[in-house]
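A structural walkthrough
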Amino acid sequence: MSLAALCTGSRVCASVDTMRREGLVLPLLILVAINILNFYDRNVSGALAEPMRKEFHLSDTQIGLLGSVFIWLYAIVGVPLGKVADVWSRKKLLAYGILIWSALTAYAGFATSYSGLVVSRLGVAVGEAVAAPTATSWLGDLFPPSKRSRALAFFMLGVPVGGALSYFFSGPIAQAYGWRTAMVIAAAPAILLVPMLFLLYEPERGASEMRHASSQPQTRASMWTVLRIPTLWWIIASGVFVNFNMYAIGQFLPAFMSRIHGFTLAQSGVSTGVIYLVGGVAGGLSAGYWGDKVLLRRKDGRLLSAAIIIGLSAPFAFAGILLPKGWTLAAIAMLTVSYGALNCYYGLVYSSIQDIVPPSMRGTTMALYFMLMYLCGASFGPYLTGHMSDRMARRAADAAGSPVITEAAKAVGLQQAMVMIPILAVCLALVLWAGSRTIIKDMRRQEQAAAAG
């Protein structure tokens, strides 16, 4: 997909091609690069889970808790930071966030205990909590509704691409130079991205709707008004399920490839990176293109499409998890398809949020969405998967008559725990279908409020 195509037909774009590139393509590219670093640093603890587990003698529950404590704080501080993103400079807020999460990522490389790793994850959570509310609000003001699905899908490529790069590089670097070096290197790109961010022009809020503050002041909706939107609650519920799966995959997929398929640290990182890159990019880009196309045919098309795609992917996830050693390529292919389907969620669903809330509440609404879905879903993904893995491993050891939990038992335990992923994918599809039943009415209500404002 051509980036310039995102601008075509938009009244926000300047008539001169150079101004169009400066106004739309450059900020999109920089915000995508920031999101790539965001998810690179978010996934690095999962990429390095096995060497950290062995050095500090951790259980899978403790490994999962590293992901969960990140999410708990991330969700809580995200709402006030989202509120700040609606009233203060998004550029400055995002720059501060990048500096904080990068510094705390590097700090993990000097940790001497499990508590040090926890402190690092908490600091990363505070910094990264500003990224999604500020960037999605920014993009909502750059791109009109007819182009927004592709823009947000392109931005959300940071999820698979950042994760893929984290696994591609962190595993091999850790195998060659140690996991601490890999942690420090993960923080380095911030040195370039913060100055690039300050080169951007920040649009006025509501600019893509062409409602200029001088002639048509924006109507300031209250949070209670937003909370009365039925579709938003279905979308929040969908976020619970999708993020449970995404964070369980991010924290444990490299360990899964090592334990079940016998990969080295570097091999498990590369194989996970392939799944993230191929599946995530294919799913994200195709969903962004389809999301804008289907909206022209039916208003509920985005959510309905997400429901169908994710529902059909569940058998692929189930097969990819249960295929034994010797079927590695088939397992990777199945997991790539299922991960790609999960990444269709972002372009199709995030754009739907922007369709049903007023521009002045986009940052706050996204922060509220993130808080609820993370606290109710994503935070349980790593922890419950790890806890279930430990319990299943203990059961496998008992069945084998072993007084200790062997590495073989840990492999069985993790494989059985990850079966939760396809089960929750079916639940996710059902919730998205329910949201598609209410979104038309909510979109009309928002269009009427915008016209009256």
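Residues numbered from 1 in each chain as written. Predicted model: local features only at pLDDT ≥ 70, side-chain atom pairs only at ≥ 80, totals over all residues. Heavy atoms only, no water.

**Some words on the overall build of the chain**
Within the chain, the secondary structure is distributed over 20 helices and 0 strands. Scored against the burial criterion, the 453 residues of the chain give a buried share of 60%. In the chain, 84% of the contacts between residues at least 6 apart in sequence involve partners at least 24 apart. Put simply, the chain shows about 17200 Å² of open surface, and 70% of that area lies on carbon and sulfur atoms. (Helix = DSSP H or I, 4+ residues; strand = E, 2+ residues; numbered from the N terminus. Buried < 20%, exposed > 50% of the residue type's maximum accessible area, 1.4 Å probe, protein only. Contact = heavy atoms within 4.5 Å. Areas by Shrake-Rupley, 256 points an atom, 1.4 Å probe, with all protein chains shown as cover.)

**Observations concerning the pattern of salt bridges**
If you walk through the whole model with that rule in mind, you get 11 salt bridges. Salt-bridge contacts for E55 lead to R180; the nearest nitrogen and oxygen are separated by 2.7 Å. Taken together, the positions of E55 in helix 2 (residues 49-56) and R180 in helix 9 (residues 179-187) put the pair 125 residues apart, joining distant regions of the chain. With a relative accessible area of 37%, E55 lands in the partly exposed category. Relative accessible area serves as the criterion here: at 26%, R180 is assigned to the partly exposed category. (Salt bridge = Lys/Arg side-chain N within 4 Å of Asp/Glu carboxyl O.)

**A word on a nonpolar patch on the surface**
Taken together, the side chains of V87, W88, Y96, L99, I100 and V126 make up a nonpolar region of the molecular surface, amounting to roughly 560 Å² of accessible area. Of the residues forming the nonpolar patch, the biggest block, 3 residues, is contributed by helix 4 (residues 90-107). By secondary structure assignment, the location of W88 is in the loop between helix 3 (60-87) and helix 4. (Patch = residues over 30% accessible without salt bridge, like charges linked within 9 Å, V, L, I, M, F, W, Y side chains within 5 Å.)

**A closer look at the packing of aromatic side chains**
Scanning the entire structure with this criterion turns up 11 aromatic pairs. Where F56 meets W179, the ring centres are 6.1 Å apart and the plane angle is 70 degrees; that geometry is what we call edge-to-face. Pair noted here: F56 is in helix 2 and W179 is in helix 9, with a separation of 123 residues, a long-range link. Like W179, F56 is buried. (Phe/Tyr/Trp six-rings, centres within 6.5 Å; stacked < 30°, edge-to-face > 60°.)

**Some remarks on the environment of T406**
Tracing the chain through its elements places T406 in the loop between helix 17 (380-399) and helix 18 (407-417). For the pair formed by T406 and R394, sequence separation is 12 residues and the distance between their alpha carbons is 9.0 Å.

**Some words on the nonpolar core**
In terms of nonpolar packing, the biggest core is built from 128 residues, with Y345, Y350 and Y369 touching the most fellow members. With residues near it in sequence (within four places) discarded, Y369 still touches I235, I236, G239, Y345, Y350 and I353. (Core = buried A, V, L, I, M, F, W, Y, C linked by side-chain atoms within 4.5 Å.)

**Comments concerning helix 9**
The complete set of buried residues in helix 9 reads W179, A182, M183, A186 and A187. Relative to the axis of helix 9, the buried residues are bounded by an arc of 140 degrees and lie together on one face. (Arc of directions from axis to C-beta.)

**As for the confidence of the model for the chain**
In this model, the chain carries a mean pLDDT of 83, and residues with pLDDT of at least 70 account for 88%. Taken element by element, the chain is modelled with least confidence in helix 11 (residues 223-227), mean pLDDT 73, and with most confidence in helix 19 (residues 420-436), mean pLDDT 95. Between residues 1-22, whose pLDDT stays under 50, and residues either more than four places distant or in other chains, the model counts 34 contacts. Considering only residues more than four positions removed or in separate chains, one finds that residues 211-219, a stretch of pLDDT under 50, has 19 contacts. (pLDDT = per-residue confidence, 0-100.)

**Comments concerning the environment of M52**
Structurally, M52 can be placed in helix 2. Once the C-alpha coordinates of M52 and L117 are considered, the two residues, 65 residues apart in sequence, prove to be 9.3 Å apart. Residue contacts for M52: discarding those within four places in its chain leaves S45, H57, L58, L66, L117, W179 and M183.

**A word on the packing of helix 3 against helix 5 (residues 114-128)**
What describes two packed helices is the angle between their axes and the distance between those same axes. Contact geometry of helix 3 with helix 5 gives a least axis separation of 8 Å together with a crossing angle of 30 degrees. Between helix 3 and helix 5, the crossing angle belongs to the class labelled roughly parallel. Along this stretch, helix 3 crosses helix 5, giving a crossing that reads as right-handed. Contacts from Q62, L65, L66, V69, F70, L73, Y74, V77 and L81 in helix 3 reach Y114, L117, V118, R121, L122, V124, A125, V126 and E128 in helix 5. In terms of residue class, the contact of helix 3 with helix 5 is built from 15 nonpolar, 1 polar and 2 charged. (Axes fitted to C-alpha atoms, helices over the stretch in contact; angles between N-to-C directions. Parallel < 35°, antiparallel > 145°, perpendicular 65-115°, else oblique. Left-handed = near helix turned anticlockwise from the far one by under 90°. Nonpolar A, V, L, I, M, F, W, Y, C, P; charged D, E, K, R; others polar.)

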